[in-house]
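Architecture and fold: a report
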Amino acid sequence: ILIIVLNTAGKSPFESLTADERFTEIVDSMSIGAAIENMLLCAEDLKLGSLWIANTCFAYPELVNHIGTTAQLMGAVALGTADESPRQRPRKAMEEIVEYRL
């Protein structure tokens, strides 16, 4: 299954934005990212393989034309039966990436 993720309130990345529109788009992008992450976590719980395809920007005009939308294309999520189970990539320790301030 391929789920196309759109921001129906967003504009094409080729359009100019006002400051207010840009802030709204940033907030929308964060919300959409959280929604995609939740989809991936649910897929994991269901023992499905998943892939967050965020690099749709490389063929943006062609994809929105093929989909037939004027909404902002944010990415895609592929879901299905995984044919491999790669080991987890190395992660940095929390101490390397988190700074605590009082």
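The structure displayed is predicted, hence computed values, not measured ones. (Residues numbered from 1 in each chain as written. Predicted model: local features only at pLDDT ≥ 70, side-chain atom pairs only at ≥ 80, totals over all residues. Heavy atoms only, no water.)

Taken as a whole and judged by the stated rule, the model has one aromatic pair. Ring geometry for Phe14 against Tyr60: centres 5.9 Å apart, planes inclined by 75°, an arrangement best described as edge-to-face. With Phe14 in the loop between strand 1 (2-7) and helix 1 (19-45) and Tyr60 in helix 2 (residues 60-67), this pair connects stretches of sequence that are 46 residues apart. Exposure remark for Phe14: the relative accessible area of 61% places this residue in the exposed category. (Phe/Tyr/Trp six-rings, centres within 6.5 Å; stacked < 30°, edge-to-face > 60°. Helix = DSSP H or I, 4+ residues; strand = E, 2+ residues; numbered from the N terminus. Buried < 20%, exposed > 50% of the residue type's maximum accessible area, 1.4 Å probe, protein only.)

Another aspect to go through is the environment of Glu84. Positionally, Glu84 belongs in the loop between strand 3 (72-80) and helix 3 (94-97). Distance in space between the C-alpha atoms of Glu84 and Gly49 is 8.7 Å, their sequence separation being 35 residues.

Turning our eyes to something else, we now look at the pattern of salt bridges. Counted according to the given criterion, the structure contains two salt bridges. Where Lys11 meets Glu21, a salt bridge forms, and the shortest distance between an N and an O atom there is 2.8 Å. Within this pair, whereas Lys11 is found in the loop between strand 1 and helix 1, its partner Glu21 is found in helix 1, the two being separated by ten residues in sequence. A salt bridge links Glu99 to Arg101, with the nearest nitrogen and oxygen atoms 2.5 Å apart. Grouping residues by exposure puts Glu99 and Arg101 together as exposed. (Salt bridge = Lys/Arg side-chain N within 4 Å of Asp/Glu carboxyl O.)

Attention now moves to the sheet that holds strand 2 (residues 49-53). Read from one edge of the open sheet, three strands run 1-3-2, paired in antiparallel fashion. Edge strands, defined here as strands with exactly one partner in the open sheet, are strand 1 and strand 2. The average undirected angle you get between the axes of adjacent strands in this sheet is 20°. The sheet contact formed by strand 2 and strand 3 spans five bridges and is antiparallel. Note on strand 3: the bridge partner recorded for Gly49 is Gly80. Lying over the sheet, helix 2 contacts strand 1 and strand 3, oriented at roughly 75° with respect to strand 3. (Pairing = 2+ DSSP bridges. Axes fitted to C-alpha atoms, helices over the stretch in contact; angles between N-to-C directions. Contact = heavy atoms within 4.5 Å.)

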